[in-house]
Every structure is written in C-alpha cells, then in structure tokens.
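Fold and geometry: a report
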Amino acid sequence: MTTAQIALAVALCLVLLPLGLAKIAAVPFMRRAAAHLGMSAGHYRVIGALEVASAVGLLLGPVSVPLGVAAAVGLALLMAAAAVVHLRHGDPPARAVPAAVLALAVVAYAGVAIAAG
C-alpha cells in the first residue's frame, strides 16, 4: 500500500461517489443528462451503481490489490464508454474529456496498485 495509491483512490472517490449517487437518486440534472444521451433513468441508475461500486473497490484496493485493480479496470472501461457515448451523440469533444481523464486516472491507479503489489 502506497501513499500514491491511497491518494488516487480518495481523489477518484471524491469525484465518483457524488456523481454515482446523483445518478442513482435520479436528480433532475442526471435525468436530463440521461435523456440527452438517449438513456432511461433506470439505465442511468445502473451506471451510477457501477460508479459507486467502483469507488468502493478503489478504496478497498490498498487492502486487497486484486479488488482495487478489478474496480479500476471496470471503471476505466465504463469511463471510456462514457466518452464514446458523448461523442456519438454529437457532443463536442470537450464533453468527453472528463470521462477520458477519469479513465486515465484509473489506469494510473491500477499501475500504482500493481507496482505496489
């Protein structure tokens, strides 16, 4: 367990937990975002649950490296898919950047976790 791993996990959780919980709660902003992307509120809730589960997995990563790496891989795939969905729905590339940056940050987390072994 390294300080970098813990710092990345906490930073990612500070971003992912509020967004995931907002999707699960189907707050108006998230319902509008789901509709804009052509998704049902139920589908968006599933995505929110995956984000929350991944955040928890990242936080547990320093205790269980395989769990943390699995959470990171799943989250990297989810964020890459989010970037693609934004681009496919005609959003400007800048709308896909946050998801792409999160995907890269999660890949960095996985690298740090694997190196710490």
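Above this text is the structure in question.
What comes next concerns the included structure. (Residues numbered from 1 in each chain as written. Predicted model: local features only at pLDDT ≥ 70, side-chain atom pairs only at ≥ 80, totals over all residues. Heavy atoms only, no water.)

**Some points on the layout of surface pockets**
In this structure, the largest pocket spans a volume of roughly 560 Å³. Around the largest pocket, the lining comprises 22 residues; the ones closest to its centre are Lys23, Tyr44, Glu51, Ala82 and His86. Elements with a minimum of two residues in the lining of the largest pocket: α1 (3-25), α2 (28-36), α3 (41-60), α4 (65-88) and α5 (93-116). If you tally residues by element for the lining of the largest pocket, the top one is α4, at six residues. Class assignment for the residues of the lining of the largest pocket results in 17 nonpolar, two polar and three charged. (1 Å grid on protein atoms, 1.4 Å probe; cavity = no way out; pocket = protein on both sides within 12 Å on 5 of 7 lines; lining within 4 Å. Points joined across faces, edges and corners; volume = space filled by probe spheres on them. Helix = DSSP H or I, 4+ residues; strand = E, 2+ residues; numbered from the N terminus. Nonpolar A, V, L, I, M, F, W, Y, C, P; charged D, E, K, R; others polar.)

**Quick look at a nonpolar patch on the surface**
The grouping of Ile6, Val10, Leu14 and Leu59 at the surface amounts to a nonpolar patch, some 350 Å² of accessible area in total. Among the elements that line the nonpolar patch, the one with the most residues is α1, at three residues. Residue position: Val10 is located in helix α1. A relative accessible area of 39% places Val10 in the partly exposed class. (Patch = residues over 30% accessible without salt bridge, like charges linked within 9 Å, V, L, I, M, F, W, Y side chains within 5 Å. Areas by Shrake-Rupley, 256 points an atom, 1.4 Å probe, with all protein chains shown as cover. Salt bridge = Lys/Arg side-chain N within 4 Å of Asp/Glu carboxyl O. Buried < 20%, exposed > 50% of the residue type's maximum accessible area, 1.4 Å probe, protein only.)

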